Amino acid sequence: MKNIFLTAFFVVSVSLMAQQPNPPGQLKDGEKPVNEAYLFAHMMHGDYGELYYTVSLDGLHWKQLNKGKRVFENYHGHPDIVKGHDGRYYIVGNQDDGAPDINIWASADLITWTKHSVFTPDLKKTPNYSPLQRIGAPKLFYDDASKQYVMTWHTPHLPGTKEDPERYWASQRTLYVTSKDLKTFSETPNRLLEWDMGTIDVLIRKEEGKYWTIIKDETYPTLDWVTGKTIRIASSDKLLGPYDNLSDPISPNFREAPMLIPSPNNKAWYLYYEQYPGVSYGLSVAGQLKGPWYQISGYTFFSDWDKYTMPAKVRHGCMITISKQEYDQLIQKFGISE
């Protein structure tokens, strides 16, 4: 009996020791949220490039909609959604990286999407760059100050070889065009970042009085390039740069597809990123975008350790803040998995 008691005491003690402080940014009792709810638009492992929805009220605990089924059959791509100049939402995608066209749909409610435009960038017009015909993961940012959109994507300039397949990825550079309405676009794609390093999955945000770009450093990690395959962040006083103060890694190696959301009380930043290929999601947290950033434990499916939870097999996409009314409408339309 004594041994049984000691064993039980040890298990309980270890369990209590495993408990960690809750992430910052959550609401205190009676506090009203600045950011009421969140939408994660994403693809799934085993159904890459299709559109699924997962939602949250606290930015940490996520539940899938529509019984884990697709929410819009016509969409294909790496989902990225922005709220635009007219109050509507816009989602951007492409059929695959080798397709020449970028497709854009619009929605007033995140439920019904209609085709808005198709844009075919002339990659060969990019100054001082000799690109391959590839358009990777197009993304949208709407700059309220200049009343224009910036659409970014990554394009390589070197094919991979049997001896060096990674040079294809290291040659990725981030290109952009601008638009006032996502129907007509600037004629010439330009490079957003002048760094001599591979960059993909680039986000632009305007927060804390600056413009920020969150990137995946796409050069393979080696002893002379230890930052490879990590998420990093840089800032600029101007929308189109130059971006500088490039940070050290704010994620481990072999992470991609960063997604940034403010916490419910708007006092912390949550940065999610995928450990590919679809192994898990990581979360780093900071009080300000320049850092310091630190990792939160979660997505382990062990309740003692999980400070954030997500459905299994979610792959990358985008996260945005939505209103509680929009959250309720999505649940009413699609249903939520408890």
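Here the residue index of a chain counts from 1 through its sequence in written order. With the structure being a predicted model, the display of local features is reserved for residues of pLDDT at least 70 and the display and counting of side-chain atom pairs for 80 or more, all residues being used for whole-chain, interface and lining totals. With hydrogens and water stripped out, all remaining heavy atoms of the structure feed into the side-chain values.

K.L.:
Account for the sheet that holds strand S8 (residues 136–143), with residues named and values stated.
P.N.:
Read across the open sheet, the four strands follow the order S8-S9-S10-S11; overall the sheet is antiparallel. Where the open sheet ends on each side, the last strands, each with one partner, are S8 and strand S11 (190–191). By this definition, two strands are paired if DSSP reports at least two bridges between them. For helices the rule is a DSSP run of H or I covering at least 4 residues; for strands it is a run of E covering at least 2, with both sets numbered from the N terminus onward. Inspection of the sheet shows strand S9 (residues 148–155) paired to strand S10 (residues 173–179) by seven bridges, in the antiparallel sense. Within S10, the position partnered with Tyr149 by the bridge is Ser179.

K.L.:
Give a detailed account of the nonpolar core, specifying residues and quantitative values.
P.N.:
Among the nonpolar cores identified, the biggest contains 23 residues, and Leu39, Tyr53, Ile81, Leu110, Trp113, Ile322 and Leu330 are the most heavily contacted of them. Elements with a contribution of two residues or more to this core: strand S1 (37–44), strand S2 (47–56), strand S5 (89–93), strand S19 (314–322) and helix H3 (324–334). With residues near it in sequence (within four places) discarded, Trp113 still touches Tyr53, Phe72, Ile81, Tyr89, Tyr90, Ile91, Trp105, Ala106 and Ser107. Nonpolar core, defined: a set of buried Ala, Val, Leu, Ile, Met, Phe, Trp, Tyr and Cys residues in which side-chain atoms within 4.5 Å join the residues together. When a residue's accessible area, from a 1.4 Å probe over protein chains only, is under 20% of the maximum for its type it is buried; when over 50% it is exposed; and in between it is partly exposed. The next biggest cluster of nonpolar side chains, apart from the first, holds 20 residues, and it includes Tyr38, Leu60, Ile261 and Ile296. Whether two residues are in contact is decided by their heavy atoms: any pair within 4.5 Å suffices.

K.L.:
Explain the layout of surface pockets to me, using residue names and the numbers behind them.
P.N.:
In this structure, the largest pocket encloses a volume near 590 Å³. Val82, Lys83, Arg205, Glu207 and Thr321 are, among the 22 residues lining the largest pocket, the residues nearest its centre. Listed by contribution, the elements that provide at least two residues to the lining of the largest pocket are strand S4 (80–83), S8, strand S12 (199–207), strand S15 (255–262) and S19. In this classification, Asp, Glu, Lys and Arg are treated as charged, Ala, Val, Leu, Ile, Met, Phe, Trp, Tyr, Cys and Pro as nonpolar, and every other residue, Gly included, as polar. Here the residues of the lining of the largest pocket are counted per class, giving twelve nonpolar, three polar and seven charged. A pocket here means an open set of points on a 1 Å grid, computed over the protein atoms alone, that has protein on both sides within 12 Å along at least five of seven lines. A cavity is instead a set of points where a 1.4 Å probe fits but cannot get out; residues with an atom within 4 Å of a point line either one. Every residue lining the second largest pocket is counted, 17 residues in all, and those nearest its centre are Trp169, Ile200, Lys216, Glu218 and Glu256. Those elements that place two or more of their residues in the lining of the second largest pocket are S8, helix H2 (166–170), S12 and S19. Each residue belonging to the lining of the second largest pocket can be placed in one class, and the counts come to five nonpolar, four polar and eight charged. Grid points are joined across faces, edges and corners, and a volume is the space filled by probe spheres set on the points.

K.L.:
Provide a residue-level description of the pairing of strand S7 (residues 114–119), including the pertinent values.
P.N.:
Relative to S7, strand S6 (residues 102–107) is paired through five bridges, and the arrangement is antiparallel. Pairing of Trp105 across the sheet is with Lys115, part of S7. Counting the residues that bridge the hairpin from S6 to S7 gives six residues, and of these Leu110 lies at a positive phi of roughly 70°.

K.L.:
Explain the side chain of Arg255 to me, using residue names and the numbers behind them.
P.N.:
Looking at the secondary structure, you find Arg255 in strand S15. Separated by 2.7 Å, the side chain of Arg255 and the backbone oxygen of Asn253 make a polar contact. Sequence-distant contacts of Arg255, that is, excluding residues within four places in its chain, are made with Lys216, Lys229, Thr230, Ile231, Tyr273, Glu274, Gln275 and Tyr276. Any N or O atom pair separated by 3.5 Å or less is treated as a polar contact, with the protein-specific requirement of one donor-capable and one acceptor-capable atom, and with residues adjacent in sequence counted only for side-chain atom pairs.

Nothing here speaks to function; it is geometry throughout.
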